[in-house]
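Residue-level structural notes
Here is how the chains run, residue by residue.
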Amino acid sequence: MAEKVAKPILHEDWTAVWLGAIIILLAVAGFTIPKPAFSWSDSTAFLTKLLSSDNVVAITGLFLIMYAIAVIGTWLAGKPIRALVQSFPVVFFVSILAMILAGNKQIKALNLEAVIFSLCLGLLIGNFVNLPQWFRNSLQTELFVKIGLVLLGTSIIFGDMLKAGSLGLLQALIVVLSVWYFAFWVCKKLGVEDDMRMMISSAVSICGVSAAIATAGAISGDTKKLSYVISLVLVTAIPMMIGMPYIAQWLQLPEAVTGAWLGGSIDTSGAVVAAGTLVGEEALKISTIVKFSQNVLLGLAAFAISVYWTYSRKENQAVEKPTLSVIWERFPKFVLGFVFASLLFSFVLSGETITAVKEPLKNIQTMWFVLAFTSIGMETKFADLFHQDNKKPLYGFLIAQGFNILVTLIVAYLLFR
């Protein structure tokens, strides 16, 4: 099924920026973004809530909006449209299944995010269903990720840094900087590839899944490697979430110290909340504050990583450092969309407007990420994902995570005791 590739109207990064901006501006202007329900506890709730006519209409409306955006994005990027038109409904349907699985009450209790289900479903289909090559080629993983990252900027509010508290921000800065550089150093010593090393360092030190995705976008990282890092983050968060509260109890740590330790070392927000809840109200509050402080640093980190990567990367064994024009050419433009969204929501929009649109934008941002990981799974072979060479990144991740746990405990004890 060959289809002629047209000349791009916009670079893919700029396409993501404009499409993300259009979604944000439409939401701010009052356009209603459908918000389907995916939470359910039993078969009765599944039938009466998820399969209700209103919810089916909401899912259909969300599909049509995202379908149109995906088609426009594919056209602007000069990629084959006909293949995307045929493959997108399949990817969306699988992604909705992942959202439904993640919405189950028992699954939520384990704090497993929808992206892990979309990745697993995509892997099963990609490895056990004979997908035609045109289908695999039509998957717009990069575009989906970058649109989601632009929308992620709406949740990074600079004003919330002050709400997080000085101690939370101080801990976040110390932990992020020390753990990032240690992880980077360890992975380099182990011989982990450059892009994987950057993704692991960001995932361990900043905020897990979002940091890994943002870093992969900033450095144009391999999506297969990204899926591996995401899997490590989500799998290791479970034993940390369950075990660390009991270790804190055994060490007889004050609740505030425990909360700061949990918030600074566990890589997913859901797992942080669950672990803090196991300890107590004060621990939950402090852990949330510290975790949020790290999340706020994501925008600054993504920008810094983008500049570093574009400036330090050597091509064709060039001896001289790239000029400003070359740096601009290499620089991932979607980061500017991320920053624009963050500035807009931090300093321009009113609190009422932000309250009204933040949740709908968060929902559609999540769907873009879920679509992306469904696509990653369909593109990936198990042999690539679990190849023996991946033991080095695994060792690097685990060593860095151990260092993260230890350093965060020390910093939390010094600041919050």
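Residues numbered from 1 in each chain as written. Predicted model: local features only at pLDDT ≥ 70, side-chain atom pairs only at ≥ 80, totals over all residues. Heavy atoms only, no water.

1. What about the pattern of salt bridges?
Defined as follows: What makes a salt bridge here is a side-chain nitrogen of Lys or Arg within 4 Å of a carboxyl oxygen of Asp or Glu, nothing more. For the purposes of this entry, the term helix denotes a DSSP run of H or I that reaches at least four residues, the term strand denotes a run of E that reaches at least two, and both are numbered from the N terminus. Only protein chains enter the accessibility calculation, which uses a 1.4 Å probe. A residue is then buried if its area is under 20% of the maximum for its type, exposed if over 50%, and partly exposed in between.
Per the counting criterion, the structure on display carries seven salt bridges. In this structure, the salt-bridge partner of E12 is K79, at a minimum N-O distance of 2.7 Å. Of this pair, E12 sits in helix α1 (residues 12-28) while K79 sits in the loop between α3 (53-76) and α4 (81-102); the two residues are 67 residues apart in sequence, bridging distant segments of the chain. Given the relative accessible area of 31%, K79 is considered partly exposed. One salt bridge in this structure joins R197 and D194, with 2.8 Å as the shortest N-O distance. Of this pair, R197 and D194 are both found in helix α11 (residues 194-207), three residues apart, which corresponds to roughly one turn of the helix. With relative accessibility at 8%, the residue R197 sits in the buried group.

2. Overview of the packing of helix α8 (residues 141-152) against helix α20 (residues 351-379)
The following threshold applies: Between N-to-C directions, angles cover 0 to 180 degrees, with each direction set by a line fitted to C-alpha atoms, over the stretch in contact for helices. Angles are sorted into four bins: roughly parallel if under 35 degrees, roughly antiparallel if over 145, roughly perpendicular if 65 to 115, and oblique for all others. Crossing handedness follows the turn of the near helix against the far one: under a right angle anticlockwise gives a left-handed crossing, and clockwise gives a right-handed one. It only takes one pair of heavy atoms within 4.5 Å for two residues to be counted as in contact. Following the grouping adopted for this structure description, the nonpolar residues are Ala, Val, Leu, Ile, Met, Phe, Trp, Tyr, Cys and Pro, the charged ones are Asp, Glu, Lys and Arg, and the polar ones are all others, Gly among them.
The N-to-C vectors of α8 and α20 enclose an angle of 155°; their axes lie 8 Å apart at closest approach. As summarised for this structure, α8 and α20 are arranged roughly antiparallel, according to the angle between their axes. The handedness of the crossing between α8 and α20 comes out as left-handed. Together, T141, F144, V145, I147, G148, L149, L151 and L152 of α8 and L361, I364, Q365, W368, F369, L371, A372, S375, I376 and E379 of α20 make up the contact between the two elements. For the contact of α8 with α20, the residue count by class is 13 nonpolar, four polar and one charged.

3. Brief notes about the environment of W134
Relative to the assigned elements, W134 resides in helix α7 (residues 133-138). Look at W134 and you get partly exposed, because its relative accessible area is 23%. With 50 residues separating them in the primary sequence, W134 and L84 have C-alpha atoms 9.3 Å apart.

4. Description of the packing of helix α13 (residues 223-250) against α20
One way to put it is that α13 packs onto α20 with a least axis distance of 10 Å and a crossing angle of 115°. One element, α13, and the other, α20, form an angle in the roughly perpendicular class. You can see that α13 and α20 cross each other, and the crossing is left-handed. Residues T223, K224, L226, S227 and I230 of α13 touch α20, and the partners they reach there are F373, I376 and E379.

5. Structural notes on the environment of M99
With respect to the secondary-structure elements, M99 resides in helix α4. For the pair M99 and M367, spaced 268 residues apart in sequence, the C-alpha separation works out to 8.4 Å. Ignoring anything within four residues of it in the chain, the contact list for M99 reads F38, A114, T366, M367 and V370.

6. Considerations on the confidence of the model for the chain
Test applied: pLDDT: the predictor's confidence for each residue, scored from 0 to 100.
In the predicted model, the chain carries a mean pLDDT of 82, and 87% of its residues have values of at least 70. Here residues 315-320 is modelled with pLDDT under 50, and outside its nearest four sequence neighbours on either side it reaches one contact, counting other chains as well.

7. With respect to the side chain of T236
Formally: Pairs of N or O atoms within 3.5 Å make up the polar contacts considered here, provided that, within protein, one atom can donate a hydrogen while the other can accept it, and that residues adjacent in sequence are counted only when both atoms are side-chain atoms.
Following the sequence through the fold, T236 ends up in helix α13. Exposure remark for T236: the relative accessible area of 13% places this residue in the buried category. There is a polar contact of 2.7 Å between the side chain of T236 and the backbone oxygen of L232. When sequence neighbours within four positions are dropped, the list of residues in contact with T236 reads F397, L398 and Q401.

8. Quick look at the side chain of S375
Position of S375 relative to the elements: it lies in helix α20. When neighbours within four sequence positions are excluded, S375 is seen to be in contact with V91, L139, T141 and F144.

9. Comments concerning unusual backbone geometry
Phi is positive for Q252, which is not a glycine, with a value near 60°. On the secondary structure map, Q252 appears in the loop between α13 and α14 (255-265).

10. Focus on the nonpolar core
Filter applied, for reference: In these notes, a set of buried Ala, Val, Leu, Ile, Met, Phe, Trp, Tyr and Cys residues joined through side-chain atoms within 4.5 Å is what counts as a nonpolar core.
Counting residues in hydrophobic clusters, the biggest one holds 98 residues, and the most contacted among them are F88 and W368. A per-element tally of this core places α20 first, with 13 residues. Beyond its immediate stretch of four places on either side in the chain, F88 contacts F63, M66, Y67, A70, F144 and L371. One finds A237, M240, A260 and F416 within the second-largest nonpolar core, a separate group that totals 20 residues.

11. Section: the layout of surface pockets
Our working definition: Each cavity reported here is a set of points on a 1 Å grid over the protein atoms alone in which a 1.4 Å probe fits but cannot get out, each pocket an open set with protein on both sides within 12 Å along at least five of seven lines, and each lining residue one with an atom within 4 Å of a point. Grid points are joined across faces, edges and corners, and a volume is the space filled by probe spheres set on the points.
Of the volumes computed, that of the second largest pocket is approximately 340 Å³. The wall of the second largest pocket is formed by 13 residues, among which L177, W180, Y181, A301 and A304 lie closest to the centre. When contributions to the lining of the second largest pocket are tallied by element, the ones reaching two or more residues are α10 (166-190) and α17 (298-312). It is α10 that provides the largest number of residues to the lining of the second largest pocket, a total of six residues. Residue composition of the lining of the second largest pocket, grouped by class: 13 nonpolar, no polar and no charged.

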